[in-house]
Amino acid sequence: MNSNNFAILELKYGNIYGGFPNFFAIAEISLLVFDPRGNKVFVETWKNGLDVDYVSVFSKVNELGHTISRAKEVINMKTGRTKPFQEEFKLDKDPLDYLFRKLKPVHQWVKKFLLTNLKKYEIRDIITFDGRRDIFLCEKSGVRLDRMNIVDLQKDLNKETDYLFSLNKLSVIVNFRIEGSYLRSNNLEYWLHPIAAKQLRPKTAAWDAARLLMVYNEYTQFHDDFMMKAALLLNKIQASK
């Protein structure tokens, strides 16, 4: 990868609550842009403001980042309010058709957001994490990413270590944290504009993008230190079982 800007791409998406299991609606996109020459971080976020409930699947983890269980909750895209997920809840055809029609403009909004920012920051390199579906959903919205250099960090790490790391474990390995307007990890620190820092709240796409940025830069810039700390964490997880 060259010394130009690169972007971390993170999406939040899920099934419409009560809808089909194979239809995913995008709730949020974060494009976190990193300028390696000036160590500058820019955060661009698009949020779906439609009054639609979708199902979010998330991991409950311990202090080592190890998954204890997986859970589902229902989130309203407009308000961000959550409610419990009920497996048996199903929408009838008419209300479901209404929601599909409501979601129609989303493709256009996503396309505009991505094309505007990829052009604005002159992005050629995109970093994802287990990002196959993220890329698919972006391309389904009409954004061609086939000319981009797309790096899936989970895939690269899996190839090197033969272990499928989660972003939760990797965040523990690099000691990811946000302190005031600073992104910090074991060996790195980046200042954020306070307006950008406010976007980085847990469970948001921007939060995951920030975690992935610190993991990626620790992995590429401090590789030996990263691998040693990864091995130590896996030993701790093994010992705690």
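Bear in mind that the values here come from a model prediction, so they are computed numbers and not experimental data.

Caption draft 1: A look at the pattern of salt bridges. Scanning the model with the defined rule gives twelve salt bridges in all. Notably, a salt bridge pairs Glu44 with Lys120, separated by 3.1 Å at the nearest N-O pair. Here the residue Glu44 occupies a position in strand 3 (residues 40–47), and Lys120 occupies one in helix 2 (residues 106–120), the gap between them amounting to 76 residues. Of the charged contacts, one joins Lys203 and Glu73 as a salt bridge, the two residues approaching to 3.4 Å between their closest N and O atoms. Separated by 130 residues along the polypeptide, Lys203 in the loop between helix 6 (194–198) and helix 7 (205–221) and Glu73 in strand 5 (residues 67–76) bring together distant segments of the chain. Overall, the relative accessible area of 15% leaves Glu73 in the buried class. A network of salt bridges, in which partner residues are shared, links Arg177, Glu179, Arg184 and Glu189.

Caption draft 2: A look at the nonpolar core. Counting 39 residues, the largest nonpolar core has Leu183 and Leu213 as its most contacted members. Elements supplying a minimum of two residues to this core: strand 1 (6–15), strand 2 (24–35), strand 3, helix 4 (153–161), helix 5 (167–173), helix 6, helix 7 and helix 8 (223–240). When residues of this core are assigned to their parent elements, the largest contribution, ten residues, is made by helix 7. With residues up to four places along the chain from it excluded, the contact list for Leu213 reads Phe6, Ile8, Leu32, Phe34, Val41, Leu183 and Tyr190. Ranked by size, the runner-up nonpolar core spans 33 residues in total, among them Leu50, Leu118, Tyr121 and Ile123.

Caption draft 3: Main features of the environment of Asn15. Considering the arrangement of structural elements, one finds Asn15 in strand 1. Considering only alpha carbons, one finds Asn15 and Asp53, 38 residues apart in sequence, at a separation of 8.7 Å. Not counting residues within four places of it along the chain, the set of residues in contact with Asn15 comprises Phe20, Pro21, Asn22, Phe23, Phe24, Asp53, Tyr54 and Val55.

Caption draft 4: Just the packing of helix 4 against helix 7, in detail. With their axes 12 Å apart at the nearest point, helix 4 and helix 7 run at an angle of 40° to one another. Crossing handedness for the pair helix 4 and helix 7: left-handed. For the pair helix 4 and helix 7, contact is made by Leu153, Asp156, Leu157 and Glu160 and by Leu212, Val215, Tyr216 and Tyr219, respectively. Of the residues in the contact of helix 4 with helix 7, the class split is six nonpolar, no polar and two charged.

Thresholds applied
- Residues numbered from 1 in each chain as written.
- Predicted model: local features only at pLDDT ≥ 70, side-chain atom pairs only at ≥ 80, totals over all residues.
- Heavy atoms only, no water.
- Salt bridge = Lys/Arg side-chain N within 4 Å of Asp/Glu carboxyl O.
- Helix = DSSP H or I, 4+ residues; strand = E, 2+ residues; numbered from the N terminus.
- Buried < 20%, exposed > 50% of the residue type's maximum accessible area, 1.4 Å probe, protein only.
- Core = buried A, V, L, I, M, F, W, Y, C linked by side-chain atoms within 4.5 Å.
- Contact = heavy atoms within 4.5 Å.
- Axes fitted to C-alpha atoms, helices over the stretch in contact; angles between N-to-C directions.
- Left-handed = near helix turned anticlockwise from the far one by under 90°.
- Nonpolar A, V, L, I, M, F, W, Y, C, P; charged D, E, K, R; others polar.

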